[in-house]
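Below, each chain spelled out in residue letters.
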Amino acid sequence: MTTSNQALRQWVEATATLTKPDRIHWCDGSDAEYGELVQLMLRRGDLLPLNAETYPDCYLHRSDPTDVARVEHLTFVCTPDRAEAGPNNHWLAPAEARTRMDGLFEGCMRGRTLYVIPYCMGPIESPYARCGVEITDSPYVVANMKLMTRMGRAALQRIEREGRFVRGLHSTGDLNPERRFIMHFPHELLIQSIGSGYGGNALLGKKCHALRIASWQARQEGWLAEHMLILELESPAGEKHYLAAAFPSACGKTNLAMLIPPASMPGWKVRTLGDDIAWLHFDAAGVLRAINPESGYFGVVPGTNAKTNRNAFEMIRHDTIFTNVGLNARNEPWWEDKDKEQPVTDWRGRPWTPGSGPAAHPNARFTVAAHQNASYSPLADDPAGVPISAIIFGGRRRELAPLVYQARDWRHGVLVGAAVASETTAAATGAVGVTRRDPMAMKPFCGYNFADYWGHWLSIDDGSRQLPKVFHVNWFRQGQDGRFLWPGFGDNLRVLRWIVDRCAGRVGARETPIGYLPQPTDLDQQGLALDPAVLDSLLAVDAVSWRREMQDIAAYFAEFGDRVPAGLLAEHRRVVAALG
Ligand code: GTP
Ligand code: SPV
Ligand code: MN
């Protein structure tokens, strides 16, 4: 196989000249090809077979122990002008980055196969979808891309029709963290990644293309590429709303997108359109429509069980690649909070004993095709996407942020998004549990200066459009004893219900300086065993703490100097004044 697209052919040839692979394989995306790759990886020990009766066609991949998460300190945005990348990104001059990367790519595929993966982010027929080509020397990457994207022949045909594609060059290199870099060249629509085989570092269609490069393109072209789930919420009366929610990594997007209603809320249905990324465009009528550029999930495994997320628990029982989980005595994958059993082997393949610590790495992941999810919505394949009623921001905050509040208007909503903060998680290397600002849950993923990004968000309100309502949620408030105050998971539906009632203008609210909050009696509490005092504290707005928070937000904005849009600062001053 090759291609009629000359630019693609030349790039593959030039890459082969640089990296010197033994073979070149153009991926057609077929099931047979996937099967052959799996066999190859089983032979090489890159994949281990799991219990074929209880977990048919499931495999375990063990990463290099130094390569288990995204590496933000090694991820760069390389624009000619440093200010374009902004203080939110690590930056290198494009020429310097290219020289460094060329040196590392030189001969790196000797003895290996170079795979060419044409992929399409979004339904193949969607005007909102965009194509890319990833070159990689990792069969694990190819297999993951097969489960998570529309890749192969159909994507190549679209590329040949359109002539446009984002280029991504990836090699696992020698997996030495000293020689690990993930570089983005937005002006050239180019990504280069070496030294990691892990998730967001290596599956270049995902965070590198669909967020960093796409956010940069979206700004030029007037749309949004966001770290958001997309779900459909249907009421017992059959009313449907589509919600998009941006929470930082490992803060609950997959779980919310697959929510199963509590028994006390019969007739409500949640269907999943996406669990990680949304591309949002206005249609001709001024309605904001969302597509999910992906077609599979790369989800956090630990914590997944029949109670927290039965849909995910069931969908990963077949045709799933597990990365960095433990094993039980029956050679089944095992992870923390799966069940009451004990593992026998940890994620590194070492014998597990009760003193060993977690058996699964806290950032262990499953890779699975989206249609395996029982709550999958076929609208995820609709080229037109779905109309969004509400955008929900959220973070993991043990204190301060209430269970839910609504921004008064779009401009306030942009401030609420820009002010998101969250405790860091195992999704990236570095300290866990440290509260940091993570605007719109895009801190690791915005491909340009955050100040310009906030300006772009503000510019969305051009006076002619039907804008979604904007909310903020926090499932992670903790009591003195460190336990979560809110039950979360299925019970989050109670909050979603208030949100759609607000969108439909059916329910009132309590106006506070930070926005509109529910009256406790307006939240469905049937079957919810929550102490009323706890609910009051989840819905409290403490002016003293919020004044301190607003100061912290002002200090953060100041890091971006005079590029910060005046509208955002004016909105901040308005909230400060309201807090008194
Ligand atoms: P990325 O894939 O990294 O972008 O993460 P995500 O936002 O999809 O996070 P995910 O849904 O996988 O959740 C991450 C962790 O948060 C898991 O350990 C979940 O069990 C936990 N979690 C999710 N929702 C809730 C909730 O409502 N309450 C509590 N307490 N924990 C939750
Ligand atoms: C995240 O970290 O937000 C993820 C996992 O969704 S990764 O694909 O590694 O970015
Ligand atoms: Mn994510």
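Residues numbered from 1 in each chain as written. Chains lettered and ligands numbered in written order. Predicted model: local features only at pLDDT ≥ 70, side-chain atom pairs only at ≥ 80, totals over all residues. Heavy atoms only, no water.

K.L.:
What should I look at first to understand the sheet that holds strand β16 (residues 278-282) in this one?
P.N.:
Paired through their backbone hydrogen bonds, the strands of a sheet run either parallel or antiparallel. Strand order in this open sheet of four strands is β12-β16-β17-β23, and the pairing throughout is antiparallel. Two strands in the sheet have a free side with no partner beyond their single neighbour: β12 (224-226) and β23 (386-387). When β12 meets β16, the two strands line up antiparallel, connected through three bridges. Of the residues in β16, the one forming a bridge with Leu224 is Leu280. Against the sheet, helix α8 (residues 205-221) contacts β12 and β16, and its axis sits at roughly 160° relative to β12. (Pairing = 2+ DSSP bridges. Helix = DSSP H or I, 4+ residues; strand = E, 2+ residues; numbered from the N terminus. Contact = heavy atoms within 4.5 Å. Axes fitted to C-alpha atoms, helices over the stretch in contact; angles between N-to-C directions.)

K.L.:
Is there a simple way to think about the domain arrangement of the protein chain in this case?
P.N.:
Split into domains, the protein chain comes out as domain 1 (6-48 + 72-221) and domain 2 (389-579). Contact with domain 1, which involves 18 residues of that partner, is made by 17 residues of domain 2. Contact with domain 2 buries area across many residues of domain 1, yet Glu72, Asn88 and Arg219 alone supply 41% of it, more than any other trio. At the junction of domain 1 and domain 2, the tally comes to one salt bridge. Across the pair Arg436 and Glu72 runs a salt bridge, and its minimum N-O distance is 2.9 Å. Joining domain 1 to domain 2, the criterion identifies eleven residue pairs in polar contact (both at pLDDT 80 or more). (Domains from an automatic or database assignment. Buried area = accessible area lost by both parts, 1.4 Å probe. Salt bridge = Lys/Arg side-chain N within 4 Å of Asp/Glu carboxyl O. Polar contact = N/O pair within 3.5 Å; in protein donor to acceptor, adjacent residues only side chain to side chain.)

K.L.:
Looking at this structure, how should I read the site of ligand 1?
P.N.:
Looking at ligand 1, there are 20 residues lining it, with Ala250, Lys253, Thr254, Asn255 and Arg365 nearest. One of the side-chain N or O atoms of Asn255 is found 2.8 Å from an oxygen atom in ligand 1. Notes on ligand 1: free accessible area 650 Å², of which the protein chains cover 90%. The element contributing the most residues to the shell around ligand 1 is helix α9 (residues 253-257), with three residues. Across the shell around ligand 1, the residue classes break down as nine nonpolar, seven polar and four charged. (Near = heavy atom within 4 Å. Areas by Shrake-Rupley, 256 points an atom, 1.4 Å probe, with all protein chains shown as cover. Nonpolar A, V, L, I, M, F, W, Y, C, P; charged D, E, K, R; others polar.)

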